[in-house]
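Spelled out from the first residue to the last, the chains are:
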Amino acid sequence: MQLPVLSPLSISPPHQQSGGAGGSFAVDNYGRPITYLRLALTDKCNLRCTYCMPENMRFLAQKHLLTDEEILRIVSVCASFGVRKIRLTGGEPFLRPNLLELIRDIKHISGIEEVHITTNGVGIADKVPDLVRLGVASVNLSMDSFDKQRFHELTRRNEFDSVHATFHALLESQILLSVNAVIMDGKNSQDIVPMAELTRLHGFDMRFIEEMPFNGAKNHSSPAIAWNDAAIEAHLRSHFPNLERAGRTESATAMLFHVPSYKGRIGIIAGFSRTFCGACNRIRLTAKGIVKTCLYDNGVLDVKQLIRDGASNDELRERLLDCIAHRHKDGIEAEEQSHAHGEFFDSMSAIGG
Ligand code: SAM
Ligand code: SF4
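Since this is a predicted model, take the numbers as computed values, not measurements.

Calculation rules
- Residues numbered from 1 in each chain as written.
- Chains lettered and ligands numbered in written order.
- Predicted model: local features only at pLDDT ≥ 70, side-chain atom pairs only at ≥ 80, totals over all residues.
- Heavy atoms only, no water.
- Salt bridge = Lys/Arg side-chain N within 4 Å of Asp/Glu carboxyl O.
- Helix = DSSP H or I, 4+ residues; strand = E, 2+ residues; numbered from the N terminus.
- Near = heavy atom within 4 Å.
- Polar contact = N/O pair within 3.5 Å; in protein donor to acceptor, adjacent residues only side chain to side chain.
- Areas by Shrake-Rupley, 256 points an atom, 1.4 Å probe, with all protein chains shown as cover.
- Phe/Tyr/Trp six-rings, centres within 6.5 Å; stacked < 30°, edge-to-face > 60°.
- Buried < 20%, exposed > 50% of the residue type's maximum accessible area, 1.4 Å probe, protein only.
- Lys NZ or Arg CZ within 6 Å of the ring centre and 35° of its normal.

Draft legend 1. A look at the pattern of salt bridges. Inspection of every chain in the model, using the stated rule, returns 18 salt bridges. In this structure, D161 engages K148 in a salt bridge whose closest nitrogen and oxygen atoms are separated by 2.9 Å. Remark: K148 occurs in helix α4 (residues 148-155) and D161 occurs in helix α5 (residues 160-172); sequence separation between them is 13 residues. Each member of the salt-bridge network shares a partner with another, and the members are D28, R32 and R327.

Draft legend 2. Representation of the site of ligand 1 within the structure. Among the 20 residues in the neighbourhood of ligand 1, the closest are listed as Y51, G90, G91, S142 and M212. Note that a nitrogen atom of ligand 1 is positioned 2.8 Å from one of the backbone N or O atoms of Y51. Between a nitrogen atom of ligand 1 and a main-chain N or O atom of G91, the distance comes to 3.0 Å. Relative to its free-state accessible area of 540 Å², ligand 1 is covered by the protein chains to the extent of 95%. For the shell around ligand 1, the secondary structure elements donating two or more residues are β3 (114-119), β5 (176-183) and β6 (205-210).

Draft legend 3. Inspection of the packing of aromatic side chains at higher detail. Here the structure, examined in full by the defined rule, presents seven aromatic pairs. For the pair F146 and F167, a centre-to-centre distance of 5.1 Å together with 80° between the ring planes defines the contact as edge-to-face. In this pair, F146 sits in the loop between β4 (138-142) and α4 while F167 sits in helix α5, placing the two residues 21 residues apart along the sequence. Relative to Y262, the ring of F240 has its centre 6.1 Å away and its plane inclined at 85°; by these criteria the two rings are edge-to-face. One end of the pair, F240, is in the loop between α7 (229-239) and β7 (244-248); the other, Y262, is in the loop between β8 (254-258) and β9 (265-269), with 22 residues separating them in the sequence. There is no split in this pair, since F240 and Y262 are both buried. Site record: aromatic cluster; members linked through ring pairs are F146, F167 and F204. The positively charged end of R274 is found above the aromatic ring belonging to F272, 5.6 Å away from the centroid. Positioned above the aromatic ring of Y296, the side-chain terminus of R274 is 3.7 Å from the ring centre.

By themselves these figures say nothing about function.
Below, the structure is given as structure tokens:
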């Protein structure tokens, strides 16, 4: 299939990318520009969030993870066809040795304009100045509750104080901050309003995420969820009657709201309802080096194996562009196909969220 590209029609090789605004972008078979790569740097984690993994999670052996060199190569190939934004995630990205050096090196790749991080914030309050120094564009901090006991129950670890310290260190820094909370009935749904209320005094985005079927259990079907985007919005409106819509985030996943006079914003991410797929601009690389062009597909290319089999950058680029030219229309279609093949989803820690 011929890959469509937005004007101008030619795509420069990586070493010629200007990195400035504009340029050319690969667009997929549904006309969506692909400008965003999410990289799971490891599947390992120092928490055990119940919605993400079992307590006895088995992590990948080191040899199955991409090396720093492999990651940098893949990023530069992606930059050559228009990827501008990278999100480092995991597992817990701060468990990756040399994370700061990796950020520095990714930022040096021609064409890459923004590096973002998603973290659970355990033990990293003192790393925030490094993130500022390295020019990290934003941090998504996962905090499912600001109640210490409920945080412990949800994460199975007693790390609330450490994560809370990171929250404050980030608030005091210049880095754009979003706090992400996966909402589960009775487990933290009682925290929606108190967490939204934090945006009165603090200038960050408090985002509520629908629970998705990626908890590492080998299920072949997605259970219905009590707290979908509509339920979360209705609950917020019952407490904040003057809640205003504030558009969508740049990557379209979060619907944003604002309470007049509050410093921050409130977001809802309909990852289960999948209302944003029409504007999806991202591809993913899992911890073991598999490309996913949809969160709900089961992997479309083993790019790590390609590299280890000696593929050239041109071959990598061609194979990646081919994946982009064959994306699913949306996450519903991708999930149906995964289930049709009898596959079940990995833990989110291997995928990167
Ligand atoms: N460990 C880091 C963290 O927790 O922020 C990064 C990796 S984590 C897999 C990335 C994001 O995925 C987090 O915001 C987390 O809340 C979200 N996530 C994990 N499992 C999920 C699930 N089953 N449904 C919805 N979101 C999930
Ligand atoms: Fe770890 Fe993040 Fe998964 Fe929680 S959501 S277990 S912090 S990878």
